[in-house]
Amino acid sequence: MSDGAPLRITDVTITPVAFRDPALLNSVGVHEPFALRSIVQIHTDAGLTGLGETYADELHLERLAAVGHEIVGLDAFATEELHQRVQRVIDRVDGSGGSGLTGMITTSSTVDRVVSPFEVALLDIQGKAIGRPVSDLLGGAVRSAVPFSAYLFYKWAAHPGQEPDEWGQALDPDAIVAQARRMVDDYGFTAIKLKGGVRPPEEEIEAIRALRRAFPDHPLRLDPNAVWTTETSVQVGRALEGVLEYLEDPTPGIDGMAAVAREVPMPLATNMCVVAFDELAPAVAADAVQVVLSDHHYWGGLRRSKLLSGICATFGMGLSMHSNSHLGISLAAMTHLAAATPNLTYACDTHWPWKTEDVIVDGALTFVDGAVPVPGAPGLGVELDPDALARLHEQYVRCGLRNRDDTGYMRRFDPSFQADLARW
Ligand code: GKR
Ligand code: MG
């Protein structure tokens, strides 16, 4: 592909899939038995195919389908033109604005969310065309492996009516430490995050203290997804002085986070109050957050995530990486991005250990001492398994879930459950 001829998109396939997910608890409820994702395949006239992965809520799928039609004929190197076309489609299809597609994230730019899987797929094609990994297209890897953190959840032993899963119940500090022990033993993770906002704050403080005793050298994080008041957040932050590397989204909103940041000793991180470019300026002005969690799925893909990294570096903010339930195409994209982002100095989040199924051929992604070696093959370095894709699509069709609804699922078992922010 060195003659400079365009590499034209001939066809786009979008396949919703469902994969089994344990009963993981969070501040808005409990994970449903299946997590939903969309697998994007872009085909070209040169016979190269690129892969992307994103959310699969119904409205998002509609937008993806509309974009799929709009980009046939586009040159696979024209990612700026991709962005413009997606903008036009979104203006036409639904005006714009957030829609809560990511569960807890409601205000990120719709265009950036829709662009993301297509941009990743185009970078996959570009890499394959020139025989280089995606990390090279992003400036080159500055680390050969990307550290991820163990991501602990309070959880039920099973989805109601089902047999206990292999992890069992985790509702107290001892069980959380046991979960961490298994994850660290199995994957070698060197940092640990606890998803909080589930138990009363004093119990979550105890869980973090128990983790500190069990893992004296692991950086620790706690993320209650903005379920605490500013007063509670300050109390928790002070109680965990010297224990947390950062406290993630203790309370809602830029003003609330700024108020907490002034009173607690550790940095505050977010994937809730800064999830789009227009939220950066007010957050910087208020000094509301000291660490931004990037996520290429809603920051507009890999190159726009690098733009975010530059903005964070400019304003002296740290950079980490957020995760939702995801499959291997996303992990590959996250790994290439993190490898080529020098100031991404925190271990990235991943839900990886919680899944038991995938759409990619095994073997391209492994964990060594808690880090994923950057795939060196052209493009993303992962290959779709057509049988697995068909199986997980069939599972999507049969499972009946069409939108993520942790709160609705929880209320089937506890009708009084409230998902309000700042409720503790
Ligand atoms: O999977 O329950 C979950 C998480 O709570 C996820 O939805 C969040 O978006 O991991 C995320 C976070 O850091 O807030
Ligand atoms: Mg978070």
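Reading the values: rules and limits
Numbers given for residues are sequential positions, taken from 1 along each chain in its written order. Chains and ligands are labelled sequentially in the order written, the chains with letters from A and the ligands with numbers from 1. Per-residue local features are limited, in this predicted model, to residues with pLDDT of at least 70; the limit for side-chain atom pairs, both in listing and counting, is 80 or more; totals at the level of whole chains, interfaces and linings are taken over all residues. Labels follow the DSSP assignment, with helices taken as runs of H or I lasting at least four residues and strands as runs of E lasting at least two, numbered in each case from the N terminus. Taken over C-alpha atoms, the radius of gyration is set against a globule rule of 2.2 Å times the number of residues to the power 0.38. Field definition: a residue is buried when 20 or more other C-beta atoms are found within 10 Å of its C-beta, exposed when 12 or fewer are, and partly exposed for counts in between, with C-beta atoms placed from the backbone. Residue pairs qualify as contacts under a 7 Å threshold applied to their C-beta atoms, which are placed from the backbone. One bridge is not enough; two strands pair if DSSP finds at least two bridges between them. Axis geometry follows a simple rule: fit a line to the C-alpha atoms, using only the stretch in contact for helices, then measure angles between N-to-C directions, giving values from 0 to 180 degrees. Crossovers are marked right-handed if the path from the first strand over the helix to the second runs clockwise, as seen with the strands pointing away from the viewer. For our purposes the nonpolar core covers buried Ala, Val, Leu, Ile, Met, Phe, Trp, Tyr and Cys residues that link as a set through C-beta atoms within 7 Å. UniProt positions are given in the numbering used here, feature names are shortened, and annotations may be inferred rather than shown by experiment.

Undergrad: Please explain the overall build of the protein chain as it appears in this structure.
TA: Secondary structure summary: the protein chain contains 13 helices and 14 strands in total. The C-alpha radius of gyration of the protein chain comes to 21 Å, within 12% of the 22 Å expected for a compact globule of 424 residues. Taken along the three principal axes of its C-alpha coordinates, the protein chain extends 60 × 50 × 45 Å. A total of 424 residues make up the protein chain; the buried ones form 54% of that total. The long-range fraction of contacts in the protein chain, counting pairs at least 24 apart against all pairs at least 6 apart in sequence, stands at 73%.

Undergrad: Could you clarify how one ought to interpret the sheet that holds strand S11 (residues 268-270) in this entry?
TA: If you trace the 7 strands from one edge of the open sheet to the other, you get S7-S8-S9-S10-S11-S12-S13, paired in parallel fashion. The two strands at the open ends of the sheet, each matched to only one other strand, are strand S7 (150-153) and strand S13 (318-321). Across the sheet, the mean angle from the axis of one strand to that of its neighbour is 25°, orientation sign disregarded. One ladder, built from 3 bridges, connects strand S9 (residues 220-223) with strand S10 (residues 244-248); its direction is parallel. Residue Arg221 lies in a different strand from S10, and its bridge partner there is Tyr246.

Undergrad: What exactly am I supposed to notice about the pairing of S7 here?
TA: Within a regular beta strand, the side chains point alternately toward one face of the sheet and then the other, so they alternate between its two faces. Residues Ala150 and Leu152 line one face of S7 and the alternating positions Tyr151 and Phe153 line the opposite face, and both faces are buried. In terms of strand pairing, S7 meets strand S8 (residues 192-195) through 4 bridges, oriented parallel. In the sheet register, Tyr151 faces S8, and the bridge partner there is Lys193. Crossover S7 to S8 through helix H5 (residues 173-187) is right-handed.

Undergrad: Which parts of the structure should I look at to understand the nonpolar core?
TA: One broad trend across soluble globular proteins is that nonpolar side chains are buried collectively. In terms of nonpolar packing, the biggest core is built from 126 residues, with Phe118, Leu211, Val289, Val292 and Ile329 touching the most fellow members. For this core, the leading source of residues is helix H3 (residues 110-130), giving 9 residues.

Undergrad: Would you mind going over the sheet that holds strand S4 (residues 34-44) with me for this structure?
TA: To summarise the sheet geometry, strands pair through backbone hydrogen bonds and adopt either a parallel or an antiparallel arrangement. A sheet is described by the order of its strands in space; here 3 strands give the open sequence S1-S4-S5, paired in antiparallel fashion. With one partner strand each, in any of the chains shown, strand S1 (9-20) and strand S5 (49-54) form the two edges of the open sheet. Each strand of the sheet is rotated relative to its neighbour by a mean of 20°, with strand direction disregarded. Summarising the sheet, S1 and S4 pair through 11 bridges and their orientation is antiparallel. Counterpart to Ile9 in the pairing with S4 is Thr44. Packing against the sheet, H3 makes contact with S4 and S5, and its axis sits at approximately 150° to S5. Of the strands in this sheet, S1 and S4 are in contact with helix H12 (residues 386-399), which crosses S1 at around 65°.

Undergrad: What is the right way to read the UniProt feature "domain: Mandelate racemase/muconate lactonizing enzyme C-terminal" (unreviewed entry) in the protein chain from this model?
TA: Listed under "domain: Mandelate racemase/muconate lactonizing enzyme C-terminal" (unreviewed entry) in the UniProt record, and renumbered for this structure, are residues 173-267. Along residues 173-267 one finds 49% helix and 14% strand; the C-alpha atoms at either end are 24 Å apart.

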